[in-house]
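Each chain, written out:
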Amino acid sequence: MQRREKAIILGGGISGKLTARVLSNFYKEVIIIERDQEPTGPFPRKGAPQGNHIHALLHAGEYGLEKLFPGITENFYSTGAVKINSTQDLAWFHHGVWKLRYDGGYTTTLQTRPHLEWHVEQYLRTIPNITILYNNTFRDYEYDETENRIIGIKINDGSSVKTIYGDLIVDASGASSMTTGWLKNRGIQIPEEKVKIGLIYISKVFQLPADLNRDWTIKLVYPNPPQEKIGGTISKIEGNRYIVTFIGYHDEIDEKQVLKNDSSFLELAKKLPKDDIYQALKEAVPVSNTSVFRVPQIIWRKYEKIKQLPNGLLLIGDTICRIDPVFGQGMSIAVLETLALQNLLQNEHQSQQQLIRAFQQRAAKIIAPIWSMVLTEDFRYPATIGKKPFILPFMQWYSKNIFLLSAQNQETYHTFIKVMNLVRPITILMNPKILYRVLKRTLLNHSIK
Ligand SMILES: Cc1cc2nc3c(=O)[nH]c(=O)nc-3n(C[C@H](O)[C@H](O)[C@H](O)COP(=O)(O)OP(=O)(O)OC[C@H]3O[C@@H](n4cnc5c(N)ncnc54)[C@H](O)[C@@H]3O)c2cc1C
């Protein structure tokens, strides 16, 4: 196989790192540009502040990560990540009911985002043709107008600006990517969907007293929309600690009040639909500061729709789409996109530009069903503002039934778990048996009323 020369990746987050892993097989040299300092361990960092909050890795993400980095899952466990039975050890209060608990044969890995990213980074350090340039901020593209091609980038290392050139430039700089602005200045408007959700995340890490009767490893207490807007999760993580994250839609949480002290954080736990997290925290010892992250809106930038995109530029991860993080899909989307890129690179008969175009279309196909699942939930709040999918009422009715059946019928919940973990398409929830149960439930409810 003839290797292409040099690829440059903007951003060394999850997408940047995974992309580097894949490109290292197809390009002689791969350079990641990262504005943060070189990490010294699995710690939260400034450039990815969402790492202070719970980060669940869905099954699709976990399987894909293992494909890209064989042995990484065992490495997670050997340094403290927690292996759980996905349906037995998860206690989940959702739409006013507790989901069933049983051994469904699936496992999930609980760990912090910095722990996950640190392991990926260790793996990258063993690949000789990957270089990570830390403390370097991407400033601008180097553009060849006659060829409509991005030929390089300008970076600032804090003391000077320099230009580096590459054959392929990948924007993996996340939700704050500068590319749409850069394109707009050249008259190219990227079509985008924006949905205002007014979401806030507030998190803190605790040590819990030993309790032999604790029958869960992760507990999710979701709000029942539209009446309830505040939810919370408590999850074991590496270091025998627990991360507690509260979420509030449409500015429901008074951030200043919660940040006052440890007991005001605890007070927030009383506002959840169930007091389980409050009870778990009563004897707990806080071992971190309180972190806050706001997601005022989610956004999907449709690069695949633009024919005149400059040659040599590929976009991946949150740069394309920041989705509502409550459903824990962002990193798994990045993994699925990277695997799609790897697949396309294996076809040697297409030009780099054909590959980029095909990739942006594949990425859109990965995002579309997930985006529509997320909007189904986000639009249960009347204050959510954005373009509603036209089948929204049907989706909301159907999924509500699936959520409620997940508290009664194991097969329905098990099918839902596969869809939620992005390993099976949403259409399997429409199989005749489940459809029958949904219709039966609806008819029974109507006849009771
Ligand atoms: C509060 C919150 C909770 C979340 N929870 C989950 C979860 O439970 N499960 C899940 O799968 N996903 C979750 N996500 C989503 C997940 O964090 C993202 O989908 C994922 O981080 C996307 O990775 P990325 O590499 O595309 O972007 P990022 O992780 O944002 O990385 C972008 C990188 O680019 C660097 N960068 C940016 N600009 C420049 C520049 N100009 N020059 C150089 N470097 C630059 C940044 O420093 C950073 O390292 C959550 C997100 C949020 C906000």
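Computed from a predicted model, the values in this text were never measured in an experiment.

### Description of the overall build of the chain
Counting its regular elements, the chain contains 13 helices and 19 strands. Over its C-alpha trace the chain gives a radius of gyration of 22 Å, about what one expects of a compact globule, namely 22 Å for 449 residues. Along the three orthogonal principal directions, the C-alpha set of the chain runs to about 70 × 45 × 40 Å. Out of the 449 residues in the chain, the part that is buried amounts to 56%. Of the contacts formed within the chain by residues at least 6 apart in sequence, a portion of 71% connects residues at least 24 apart. Total accessible area on the chain is roughly 20100 Å²; 51% of this is exposed by carbon and sulfur atoms.

### Regarding the domain arrangement of the chain
You can read the domains of the chain as domain 1 (4-55 + 112-191 + 302-374), domain 2 (194-296) and domain 3 (392-448). Relative placement of domain 2 and domain 3: their C-alpha centres are 28 Å apart.

### Digging into the packing of aromatic side chains
Applying the stated criterion across every chain yields a total of 17 aromatic pairs. Centre to centre, the rings of Tyr 143 and Trp 182 are 5.4 Å apart; their planes meet at 85°, and the pair counts as edge-to-face. Of this pair, Tyr 143 sits in strand 8 (residues 137-144) while Trp 182 is found in helix 5 (residues 179-185), placing the two residues 39 residues apart along the sequence. Overall, the relative accessible area of 27% leaves Tyr 143 in the partly exposed class. Here Trp 182 falls in the buried class, since its relative accessible area comes to 9%. Of the aromatic side chains, those joined through ring pairs into one cluster are Trp 92, Tyr 222, Phe 403 and Phe 416. A cation over an aromatic ring shows up here: Lys 99 above the ring of Trp 92, its NZ or CZ 4.7 Å from the ring centre. For Lys 302, the ring lying beneath its charged end belongs to Trp 300, and the centroid distance is 4.0 Å.

### Remarks on the packing of helix 10 (residues 352-378) against helix 11 (residues 392-405)
Helix 11 packs onto helix 10 with a crossing angle of 85° between their chain directions and a minimal axis gap of 9 Å. The pairing of helix 10 with helix 11 is recorded here as roughly perpendicular in orientation. Here Ser 372, Leu 375, Thr 376 and Glu 377 of helix 10 come into contact with helix 11, specifically with Leu 392, Met 395, Gln 396, Ser 399 and Phe 403. The class makeup of the residues in the contact of helix 10 with helix 11 is four nonpolar, four polar and one charged.

### Side note on the sheet that holds strand 18 (residues 313-315)
Sheet architecture is open: five strands sit in the order 7-2-1-11-18, paired in parallel fashion. Because the sheet does not close on itself, it has two edges, and the strands there are strand 7 (130-133) and strand 18. Pairs of neighbouring strands in the sheet enclose a mean axial angle of 20°, with direction left out of account. Pairing of strand 2 (residues 27-33) with strand 7 involves four bridges; the strand directions are parallel. Each residue of the ladder has a partner; that of Ile 31, found in strand 7, is Thr 131.

### Topic: the nonpolar core
Judged by nonpolar contacts, the single largest core of 115 residues is most densely connected at Leu 23, Leu 65, Tyr 141, Ile 153, Leu 314 and Trp 371. Here the element with the most residues in this core is helix 10; it accounts for twelve residues. Here Trp 371 is in contact with Glu 193, Val 195, Ile 298, Ile 299, Trp 300, Cys 321, Arg 322 and Ile 323, once residues within four sequence places are set aside. By size, the runner-up hydrophobic cluster in this structure holds 24 residues, among which are Ile 200, Ile 230, Tyr 242 and Phe 265.

### Comments concerning the site of the ligand
By nearness alone, 32 residues border the ligand, and Ser 15, Glu 34, Ala 56, Arg 113 and Met 331 come closest of all. At a separation of 3.0 Å, an oxygen atom of the ligand approaches a polar side-chain atom of Arg 35. For the ligand, an oxygen atom lies 2.8 Å from a polar atom in the side chain of His 55. Listed by contribution, the elements that provide at least two residues to the shell around the ligand are helix 1 (14-23), strand 8 and helix 9 (330-345). With three residues, the top contributor of residues to the shell around the ligand is helix 9. Its residues assigned to classes, the shell around the ligand comprises ten nonpolar, 16 polar and six charged.

### With respect to the sheet that holds strand 9 (residues 149-156)
Taken in spatial order, the three strands of this open sheet run 8-9-10, and their pairing is antiparallel. Each having just a single partner strand, strand 8 and strand 10 (161-165) make up the two edges of the open sheet. Shown here is a sheet whose adjacent strand axes are inclined to one another by a mean of 30°, direction ignored. Two strands pair when backbone bridges link them, and strand 9 and strand 10 are joined in this way by five bridges, in the antiparallel orientation. Bridging across to strand 10, Ile 155 finds its partner in Lys 162.

What counts and how
- Every chain is numbered on its own, with residues counted from 1 as its sequence reads.
- For this predicted model, a pLDDT threshold of at least 70 governs which residues receive local features, and a threshold of 80 or more governs which side-chain atom pairs are given and counted, while totals over whole chains, interfaces and linings are taken from all residues.
- For the side-chain quantities, the full set of heavy atoms in the structure was used; hydrogens and water were omitted.
- Numbering of helices and strands starts at the N terminus; helices are DSSP runs of H or I of at least 4 residues and strands are runs of E of at least 2.
- Between the two quantities, the radius of gyration covers C-alpha atoms and the globule rule is 2.2 Å times the number of residues to the power 0.38.
- The buried label applies to any residue whose accessible area, calculated with a 1.4 Å probe on protein chains only, is under 20% of its type's maximum; exposed applies above 50%, and partly exposed to all values in between.
- Two residues form a contact once any of their heavy atoms are found within 4.5 Å.
- What sets the accessible areas is the Shrake-Rupley method with a 1.4 Å probe; for residues, cover comes only from the shown protein chains.
- Per the annotation, domain bounds derive from an automatic or database assignment of domains.
- Aromatic pairing here means that ring centres of Phe, Tyr or Trp (its six-membered ring) are within 6.5 Å. Orientation follows from the plane angle: under 30 degrees is stacked, over 60 is edge-to-face, and everything else is tilted.
- Think of it as a cone above the ring: NZ of Lys or CZ of Arg counts as a charge over the ring if it is within 6 Å of the ring centre and within 35 degrees of the ring normal.
- The convention used is that axes are lines fitted to C-alpha atoms, helices contributing only their stretch in contact, and that angles between N-to-C directions extend from 0 to 180 degrees.
- Each angle receives one of four descriptions, namely roughly parallel if under 35 degrees, roughly antiparallel if over 145, roughly perpendicular if within 65 to 115, and oblique otherwise.
- In this count, Pro and Cys sit with the nonpolar residues alongside Ala, Val, Leu, Ile, Met, Phe, Trp and Tyr, while Asp, Glu, Lys and Arg are called charged and the others, Gly among them, polar.
- Strand pairing is defined by DSSP finding a minimum of two bridges between the two strands.
- Here, nonpolar core refers to any group of buried Ala, Val, Leu, Ile, Met, Phe, Trp, Tyr and Cys residues whose side-chain atoms link them within 4.5 Å.
- Proximity is defined per residue: any heavy atom of the residue falling within 4 Å of a molecule or strand makes that residue near it.
- Identification of polar contacts relies on pairs of N or O atoms within 3.5 Å, with a donor-acceptor requirement for protein atoms, meaning one able to donate a hydrogen and the other able to accept it, and with residues adjacent in sequence counted only if both atoms are side-chain atoms.

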